[in-house]
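Tertiary structure, described
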Amino acid sequence: MAFFDNPVIPGFSPDPSICRVGDDYYVATSSFEYVPGVPLWHSRDLVHWRLIGHALDRPSQLELPDTAPSSCGVYAPTLRFHDGRFWMITTVVAGADTFLVTAKDPAGPWSEPVPVGIPGIDPDLAWDDEGNCWCVYSNDGIRAVRIEPDTGELLSEPVAMWSGTGLKYPEGPHLYRIGDWWYLLLSEGGTESGHAMSVARARTLPGPFEPHPDNPVLSHRSTKHPVQNTGHGDLVEAQDGTWWMVLLGTRPRGDTPGFHGMGRETFLVPVRWEDEWPLPGPLELRAQAPALPAHPWPDEPYRDDFDAPSLAPCWVSTRRRDPGDVRLGERPGHLVLHARAAGLDRPGAVFVGRRQRDADCSARARVDAAGGDRGGIAVRLDEAHHYQVEAVDGTVRVVARIGPLCQTVAERTLPPGPSTLRIDITTTGVLPPTLTKRPEDPEAELRSGLRIGGPDMLRLGHETEDGRFEVLAELDGRYLTTEVAGGFTGRVIGMYATQGAPAFDWFELRPA
């Protein structure tokens, strides 16, 4: 009996939507203010996933204004395969509203966007037996409208469908024709600790829909389960006839209320059928794998020496990535970043990063910041919540931005020349979120290494030429979490420039 570990796509990868074509599975996830937009993942066993590209990978498809707020941008996509083509529909908040793109190959190229004039978010696509395409979306409840998908034209007036059990924010709808029923799966209760999934069914469209008598059919609210905020799922039938669901969840750590820094991640759960109802779960961190031939992929390289002609798909930037600001060919074997803003909290900041995918990890980069250049590496949640270690004018400094406060917390003078900057993230000694009793002697517990508070500790500094890690500051990770900062994203770790044009020889993000 084979087992797998959840989440199947770790790190900031929320709102998963899945489709199967033959023996291949594809998942699209939300990207919010990061570009390229809508990561696309490929699997052959539902357990091992590799990033193959993005559906929105060029400015003509997606370019957000510098002033777009964090956690705006690309919201929950739906990915479907119909009539020989892949279809992806999404809403760009503070941008181009709802549109769809198509492709013959999910790795690209994808078409230019086709606008769809619906007044809502979280759009879904489904085709009925007559060939009609239904777009289902969230707007003060769940609504549906027939569209012409090649042009985006609305072919009918929107109609109300089923909006859940009465909890707040019914959203993330997915509509399926399975057997003799139409099923409507949705999330409600908000995407935080009250998140839940409910289902209803109807014989014909647009309804009326009959809710499952025991809704919600999946929720971890008010439990001690290590995975919380579960919801926003999508169903898929495997080639062996079994059914599965991908959904989002978080793994909070630290003292109450628990904090998650890596964002909402993608989990996999089995689906059983009872009385013609799909019932997902249970969700376990280690579970029995689908009875499909295992198909692992080669590990993604931890280190990038920037010798390739273009950046790998794992690299993302905030809002836009101008070729003039992010250059691989300017200095052989280096990534050169040209600053457009004086700080990571300023509109237009130049940042190139990768999602944090391991709770315990180490980020290192070799940077040459000479002649007034300023840049380094940072752990970013949003403009107002990030930690950074930077090199400028022979000095390495650690800067913390927490809400309205921005402070240099440590600095050190270094010999002239390139520097190796480093950030370690560790969960060692962090209390679990189920803590119900304070230690009798908190000071003794702290002295013994137990840290009360955030989900992890970040150590920031530089390496000496003989490889020793000189820690300049230790900072609590709770301030880089959604519970403190708000929003819908997770941590991204990478390189930035805030003055001149620092050059990066290599960057490494490795599990501890």
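The rules behind these values
- Residues numbered from 1 in each chain as written.
- Predicted model: local features only at pLDDT ≥ 70, side-chain atom pairs only at ≥ 80, totals over all residues.
- Heavy atoms only, no water.
- Helix = DSSP H or I, 4+ residues; strand = E, 2+ residues; numbered from the N terminus.
- Rg over C-alpha atoms; globule rule 2.2 N^0.38 Å.
- Buried < 20%, exposed > 50% of the residue type's maximum accessible area, 1.4 Å probe, protein only.
- Contact = heavy atoms within 4.5 Å.
- Areas by Shrake-Rupley, 256 points an atom, 1.4 Å probe, with all protein chains shown as cover.
- Disulfide = S-S within 2.5 Å.
- Pairing = 2+ DSSP bridges.
- Salt bridge = Lys/Arg side-chain N within 4 Å of Asp/Glu carboxyl O.
- Axes fitted to C-alpha atoms, helices over the stretch in contact; angles between N-to-C directions.
- Phe/Tyr/Trp six-rings, centres within 6.5 Å; stacked < 30°, edge-to-face > 60°.
- Lys NZ or Arg CZ within 6 Å of the ring centre and 35° of its normal.
- Core = buried A, V, L, I, M, F, W, Y, C linked by side-chain atoms within 4.5 Å.
- Polar contact = N/O pair within 3.5 Å; in protein donor to acceptor, adjacent residues only side chain to side chain.

Of regular secondary structure, the chain possesses two helices and 40 strands. For the chain, whose C-alpha radius of gyration is 23 Å, the value lies close to the compact-globule estimate of 24 Å for 512 residues. For the chain, the spread of C-alpha atoms along the principal axes amounts to about 75 × 55 × 45 Å. For the chain, with 512 residues in total, the buried portion stands at 58%. Looking at the chain alone, contacts between residues at least 24 apart form 58% of all its contacts between residues at least 6 apart. Surface accessibility of the chain: about 20,200 Å² in total, with carbon and sulfur atoms responsible for 50%.

Applying the stated criterion across every chain yields a total of zero disulfides. Residue Cys-19 stays outside any disulfide, its sulfur separated by 14 Å from that of Cys-133, the closest cysteine.

Read from one edge of the open sheet, eight strands run β4-β27-β30-β39-β32-β33-β34-β35, paired in antiparallel fashion. This sheet does not close on itself; its edge strands, each paired only once, are β4 (34-35) and β35 (405-413). In terms of strand pairing, strand β32 (residues 374-382) meets strand β33 (residues 385-392) through eight bridges, oriented antiparallel. Residue pairing for β33: Asp-382 is matched across the bridge by His-385.

This next bit is on the pattern of salt bridges. Evaluated as defined, the whole model comprises 39 salt bridges. Here Glu-383 makes a salt bridge to Arg-319, at a shortest N to O gap of 2.8 Å. Taken as a pair, Glu-383 in the loop between β32 and β33 and Arg-319 in the loop between β27 (316-318) and β28 (326-327) lie far apart in primary sequence, 64 residues in all. Looking at Arg-319, the relative accessible area reads 5%, which means it is buried. A cluster of three or more residues bridged by salt bridges with shared partners is formed by Arg-364, Arg-422, Asp-424, Glu-463, Glu-508 and Arg-510.

What follows concerns the sheet that holds strand β24 (residues 277-280). Sheet architecture is open: four strands sit in the order β21-β22-β23-β24, paired in antiparallel fashion. Here the strands that pair on one side only, and so sit at the sheet edges, are β21 (228-237) and β24. The mean angle between the axes of side-by-side strands here comes to 35 degrees, regardless of whether they run parallel or antiparallel. Direction of pairing for strand β23 (residues 265-274) relative to β24: antiparallel, over a ladder of four bridges. Pairing of Glu-274 across the sheet is with Trp-277, part of β24.

Further remarks concern the packing of aromatic side chains. A full pass over the atoms with the stated rule returns 13 aromatic pairs. Ring centres 6.4 Å apart and planes at 70 degrees place the aromatic pair Tyr-183 and Trp-277 in the edge-to-face group. Linking Tyr-183 in strand β18 (residues 181-188) with Trp-277 in strand β24, this pair joins segments that are 94 residues apart in sequence. Residue class for Tyr-183 comes out buried when judged on its relative accessible area of 2%. Chaining the aromatic ring pairs together yields one cluster made of Phe-12, Phe-32, Tyr-34, Tyr-75 and Phe-488. In this structure, Arg-201 is placed above the aromatic ring of Trp-181, and the distance from its NZ or CZ to the ring centre is 4.1 Å. The lysine or arginine in question, Arg-303, covers the ring of Trp-506, its NZ or CZ lying 4.0 Å from the ring centre.

The next thing to look at is the pairing of β21. As a general feature of sheets, a regular strand has side chains that alternate between the two faces. Most of β21 is tucked away, with nine of its 10 residues classed as buried. The pairing of β21 with strand β22 (residues 243-250) spans six bridges and is antiparallel. Across the sheet, residue Leu-235 finds its bridge partner in β22, namely Met-245. As consecutive antiparallel partners, β21 and β22 are separated by five residues, and within that stretch Gly-241 has a phi angle of approximately 90 degrees, a positive value.

We now examine the nonpolar core. With 40 residues, the main nonpolar core has Phe-306, Leu-337, Met-495 and Phe-507 as its most contacted residues. With four residues, strand β31 (residues 361-368) is the largest single contributor of residues to this core. For Met-495, the contacting residues outside a window of four places in its chain are Phe-306, Trp-315, Leu-335, Leu-337, Val-350, Phe-351, Val-352, Gly-376, Ile-377, Phe-504 and Phe-507. In this structure, Ala-28, Val-35, Leu-64 and Val-92 belong to the second largest nonpolar core, which totals 21 residues.

This brings us to the environment of Asn-139. Along the chain, Asn-139 falls in the loop between β13 (133-138) and β14 (142-148). Taking relative accessible area as the criterion, Asn-139 reaches 27% and is therefore assigned partly exposed. A polar contact is formed between the side chain of Asn-139 and the backbone oxygen of Pro-119, at a distance of 2.5 Å.

This next bit is on unusual backbone geometry. It is generally the case that most residues other than glycine have a negative phi and that most peptide bonds are trans. The omega angle of the peptide bond from Gly-108 to Pro-109 is 5 degrees, so this bond is cis rather than trans. Take Pro-109: it is sitting in the loop between β10 (97-103) and β11 (114-115). In this structure, the amide linkage connecting Thr-256 to the following residue, Pro-257, adopts the cis form with an omega of 10 degrees. Looking at the secondary structure, you find Pro-257 in the loop between β22 and β23. Phi at Asn-229 takes a positive value of approximately 60 degrees, unusual for a residue other than glycine. On the secondary structure map, Asn-229 appears in strand β21. Take Asn-229: its relative accessible area is 9%, and that puts it in the buried class. Even without being a glycine, Asp-393 presents a positive backbone phi close to 50 degrees. Within the secondary structure, Asp-393 sits in the loop between β33 and β34 (395-402). Note on Asp-393: relative accessible area 57%, which makes it exposed.

The buried count for strand β37 (residues 457-463) comes to six of seven residues, which makes it a mostly enclosed element. Pairing between strand β36 (residues 419-426) and β37: seven bridges, direction antiparallel. What sits directly across from Ile-425, in β37, is Leu-458. Where β37 lies against strand β38 (residues 469-476), seven bridges are found, and the strand directions are antiparallel. From the neighbouring strand, Leu-460 faces β38, where its bridge partner is Ala-473. Linking β37 to β38, which pair antiparallel, is a turn of five residues; within it Gly-467 sits at a positive phi near 90 degrees.

It is worth stressing that arrangement in space is one thing and function is another; only the former is reported here.
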